Amino acid sequence: TAPLAAAKNLQIRTDCQPVSIVADGDRLIQVLINLISNAIKFSPSKGEICIESKLISEDRLEIGIKDQGPGIAAEEQEKIFHRFEQV
């Protein structure tokens, strides 16, 4: 993803707490790469993408990826939680 971000002159900023979690590492990486790739794809050139994580509780980690893209229309947002759905 770094070469894609560089091609659009995007800055990627991270604000992540170091944590240790039990998870399917391959699946987690796949999901994060998909989300970051979408952020790069839909961000305007010379924009910024921020990746954040924080431990919410002993068994809950929150990860956020923010970009400056157009976002998803309100009426389409529910679809993104359906398997194999794209908007």
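All figures in this text were calculated on a predicted structure; none of them were measured in a lab.

Cut-offs applied
- Residues numbered from 1 in each chain as written.
- Predicted model: local features only at pLDDT ≥ 70, side-chain atom pairs only at ≥ 80, totals over all residues.
- Heavy atoms only, no water.
- Salt bridge = Lys/Arg side-chain N within 4 Å of Asp/Glu carboxyl O.
- Helix = DSSP H or I, 4+ residues; strand = E, 2+ residues; numbered from the N terminus.
- Patch = residues over 30% accessible without salt bridge, like charges linked within 9 Å, V, L, I, M, F, W, Y side chains within 5 Å.
- Areas by Shrake-Rupley, 256 points an atom, 1.4 Å probe, with all protein chains shown as cover.
- 1 Å grid on protein atoms, 1.4 Å probe; cavity = no way out; pocket = protein on both sides within 12 Å on 5 of 7 lines; lining within 4 Å.
- Points joined across faces, edges and corners; volume = space filled by probe spheres on them.
- Buried < 20%, exposed > 50% of the residue type's maximum accessible area, 1.4 Å probe, protein only.
- Core = buried A, V, L, I, M, F, W, Y, C linked by side-chain atoms within 4.5 Å.
- Contact = heavy atoms within 4.5 Å.
- Pairing = 2+ DSSP bridges.
- Right-handed = clockwise from strand over helix to strand, strands pointing away.
- Disulfide = S-S within 2.5 Å.

### Section: the pattern of salt bridges
Here's step 1: Under the criterion given, the structure shown has three salt bridges.
Here's step 2: Measuring nitrogen to oxygen at the nearest pair gives 3.7 Å for the salt bridge that ties E48 to R13. Of this pair, E48 sits in strand β2 (residues 48–57) while R13 sits in strand β1 (residues 11–16), placing them 35 residues apart in sequence.
Here's step 3: When the shortest N-O distance is used, the salt bridge between K79 and E76 registers 3.2 Å.

### Description of a nonpolar patch on the surface
Here's step 1: Where nonpolar side chains cluster on the molecular surface, the patch consists of V19, I21, L28, L55 and I63 and spans about 360 Å² of accessible area.
Here's step 2: Turning to its location among the elements, I21 is positioned in the loop between β1 and α2 (25–42).

### Quick look at the layout of surface pockets
Here's step 1: Roughly 1300 Å³ of internal volume is contained in the largest pocket.
Here's step 2: In terms of lining, the largest pocket is formed by 28 residues, of which the most central are N34, L35, N38, I72 and I80.
Here's step 3: Within the residue set of the lining of the largest pocket, elements represented by two or more residues are α2 and β3 (60–66).
Here's step 4: The element contributing the most residues to the lining of the largest pocket is α2, with 11 residues.

### Brief notes about the environment of S37
Here's step 1: Of note, S37 is situated in helix α2.
Here's step 2: Since its relative accessible area comes to 24%, S37 is described here as partly exposed.

### Observations concerning the nonpolar core
Here's step 1: One finds A5, L10, I36, A39, I40, I49 and I51 forming the largest nonpolar core, which totals seven residues.
Here's step 2: Listing elements by their share of this core, those giving two or more residues are α2 and β2.
Here's step 3: Apart from the residues lying within four places of it in its own chain, the contact partners of I40 are T1, L4, A5, K8, L10 and I49.

### Focus on the pairing of β1
Here's step 1: Across six bridges, β1 lies against β2 in parallel orientation. Across the sheet, C16 pairs through a bridge with S53, a residue of β2.
Here's step 2: Read as a crossover between parallel neighbours, the route from β1 over α2 to β2 is left-handed.

### Re the state of the cysteines
Here's step 1: Scanning the model with the defined rule gives zero disulfides in all.
Here's step 2: Summary of cysteine pairing: C16 is not part of a disulfide, and the nearest cysteine sulfur, belonging to C50, is at 7.9 Å.
Here's step 3: On the accessibility criterion, C16 (41% relative accessible area) is partly exposed.
Here's step 4: Overall, C50 belongs to the buried group, its relative accessible area being 4%.

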